[in-house]
Each structure stands twice: as structure tokens, then as C-alpha cells.
Amino acid sequence: VNAQDEDSSGFAKSDIYMSGTVGFSSASQGDFDSSSFDFSPSVGYMMTDNLALEAGLSFSGDDNDGVETSTTGVAIGARYFMNPTSKFSLSIGASLAFLSSTESEEGFDDLDASGMAFVIAPAINYWISDSWGLIANIAALQYTTAELDIEGAEARTEFGLNVDLSDINFGMVYKF
């Protein structure tokens, strides 16, 4: 008799998972110093074997030689997994994010801005154990709009496609 262990890698209907990214960078050149950080946790719920609803937060900050920018955001979206029970799978996600930003510099009034972004991003998923996985967003199609919170300000809009494989975004996934 041959027995096989049940592979519980991947996702199934009703699974709940947490994912996210974290990053930090620092640079200096002569008297110029800069640093930045980002932290983006999210949670997902598998509505079906292939489709998840996701919600996330984002926090980031930059300090470029005394000019400090902090941004917070909240996002909602969905992700479709093409082969969710496999150790290796592809997925595509779409999300809508609402962002708020403040720029501060000593001696000047703070500049506040708010905006939104819509992003469609394919990803590669790999399970390293039954509960832990890696996710890599490999491209992004996005539309963003932002406006300074001052009278008479006009919104800035951007539309772009990023397929630069040197800028892959890696994250971790934990399935409960």
C-alpha cells in the first residue's frame, strides 16, 4: 500500500492570509543625506478556490536632506490565483488605494496632498512550507491622481506600465 502525504500548500476557499512588504534605504553624498522606509501589511480572504478579497495599509516616509515626506494609505482589492493549490502559481491582482501625504521642511508651512491609485499587477507565488509563502510582483499597470490640499491646486494624474524586472517587489505570505 502506498500512502501519500496530503499537500496543504497553496490556497483553498475560506483561507485567511496575511502578506506584506517592508523596505528601508539610506544614502549620502558629501553633505547630502537621504533615507526612506515603507511598510505595507495586508490581509486576504479566499472567497473561492481561486479568488481572494484583500485589504491593506501602507506607511512610508522619506527624508531628503531635511525635507520630510510621510504617506499613509488604505487599499482594497481582489486577486485571482491561476493554480492556487500548487506550490508554484501565478496570480493577478487589482487594487484601489486612497493615499494622504504630508511634506515638511523647517521654516516652511507643511504641504498636504491626497489622492488615489488603481493598480493591476501580476505576481509569482511560491510556497516554502504549508503556511509560509513568497510573492513577487513582476509588473504593474497603474493610474494615479493626487492633488495638493491648497486652494486652486490642480490634480496631477499619471498612467504607467512598469515591466522592469530589475524592480521586482518581493513580499511574504502567512496562511492561517
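Quick note: structure is the one above.
Reference entry: report on the structure contained in this document. (Residues numbered from 1 in each chain as written. Predicted model: local features only at pLDDT ≥ 70, side-chain atom pairs only at ≥ 80, totals over all residues. Heavy atoms only, no water.)

**A closer look at the pattern of salt bridges**
Move 1: Here the structure, examined in full by the defined rule, presents 2 salt bridges.
Move 2: Note that arginine 79 is salt-bridged to glutamate 54, the shortest N-O span being 3.7 Å. Of the two residues, arginine 79 sits in strand S4 (residues 67-81) while glutamate 54 sits in strand S3 (residues 51-64), which places them 25 residues apart along the sequence.
Move 3: In this structure, glutamate 158 engages arginine 156 in a salt bridge whose closest nitrogen and oxygen atoms are separated by 3.1 Å.
Move 4: The class of glutamate 158 is partly exposed, set by a relative accessible area of 41%. (Salt bridge = Lys/Arg side-chain N within 4 Å of Asp/Glu carboxyl O. Helix = DSSP H or I, 4+ residues; strand = E, 2+ residues; numbered from the N terminus. Buried < 20%, exposed > 50% of the residue type's maximum accessible area, 1.4 Å probe, protein only.)

**Considerations on the layout of surface pockets**
Move 1: Taken as a whole, the second largest pocket encloses approximately 160 Å³ of empty space.
Move 2: Met18, Ser19, Gly20, Thr21, Phe39, Ser40, Pro41, Trp132, Met172, Val173 and Tyr174 are the residues that line the second largest pocket.
Move 3: Mapped by element, the contributors of at least two residues to the lining of the second largest pocket are strand S1 (16-29), strand S2 (32-46) and strand S10 (169-175).
Move 4: The element best represented in the lining of the second largest pocket is S1, accounting for 4 residues.
Move 5: Of the residues that constitute the lining of the second largest pocket, the class distribution is 7 nonpolar, 4 polar and no charged. (1 Å grid on protein atoms, 1.4 Å probe; cavity = no way out; pocket = protein on both sides within 12 Å on 5 of 7 lines; lining within 4 Å. Points joined across faces, edges and corners; volume = space filled by probe spheres on them. Nonpolar A, V, L, I, M, F, W, Y, C, P; charged D, E, K, R; others polar.)

**Observations regarding the packing of aromatic side chains**
Move 1: Tallied over the entire structure, the rule returns 6 aromatic pairs.
Move 2: Centroid distance phenylalanine 11 to tryptophan 127: 5.1 Å. Interplanar angle 80°. Geometry classified as edge-to-face. Of the two residues, phenylalanine 11 is situated in the segment before S1 and tryptophan 127 in strand S6 (residues 111-127); the sequence distance between them amounts to 116 residues. Tryptophan 127 shares its class with phenylalanine 11; the two are buried.
Move 3: A connected cluster of aromatic rings, assembled from ring pairs, spans Phe11, Tyr17, Phe81 and Trp127.
Move 4: A cation over an aromatic ring shows up here: lysine 175 above the ring of tryptophan 127, its NZ or CZ 5.3 Å from the ring centre. (Phe/Tyr/Trp six-rings, centres within 6.5 Å; stacked < 30°, edge-to-face > 60°. Lys NZ or Arg CZ within 6 Å of the ring centre and 35° of its normal.)

**Quick word on unusual backbone geometry**
Move 1: The backbone of serine 14 shows a phi angle near 80°, a positive value even though the residue is not glycine.
Move 2: The residue serine 14 is located in the segment before S1 in this model.
Move 3: For aspartate 65, which is not glycine, the phi torsion reads 50° and is therefore positive.
Move 4: Here aspartate 65 lies in the loop between S3 and S4.

**Notes on the pairing of S1**
Move 1: Here S1 runs beside S2; their pairing, made up of 14 bridges, is antiparallel. Looking across to S2, one finds that isoleucine 16 is bridged to tyrosine 45.
Move 2: The turn joining S1 and S2, which pair antiparallel and follow one another in sequence, is formed by 2 residues; a positive phi near 65° is taken by glycine 30.
Move 3: Pairing of S1 with S10 involves 4 bridges; the strand directions are antiparallel. Residue glycine 20 lies in a different strand from S10, and its bridge partner there is methionine 172. (Pairing = 2+ DSSP bridges.)

**Quick look at the environment of phenylalanine 39**
Move 1: Inspection of the secondary structure assignment puts phenylalanine 39 in strand S2.
Move 2: By relative accessible area, which is 41% here, phenylalanine 39 ends up partly exposed.
Move 3: Here the alpha-carbon distance between phenylalanine 39 and serine 86, two residues 47 residues apart in the chain, equals 28 Å.

**Some remarks on the nonpolar core**
Move 1: Residues Phe11, Tyr17, Met46, Ala52, Phe81, Ala123, Trp127, Ile135 and Val173 constitute the largest nonpolar core, which totals 9 residues.
Move 2: When residues no more than four places from it in sequence are discounted, the contact partners of alanine 123 are Arg79, Ser89, Leu90, Ser91, Ile135, Ala136 and Asn137. (Core = buried A, V, L, I, M, F, W, Y, C linked by side-chain atoms within 4.5 Å. Contact = heavy atoms within 4.5 Å.)

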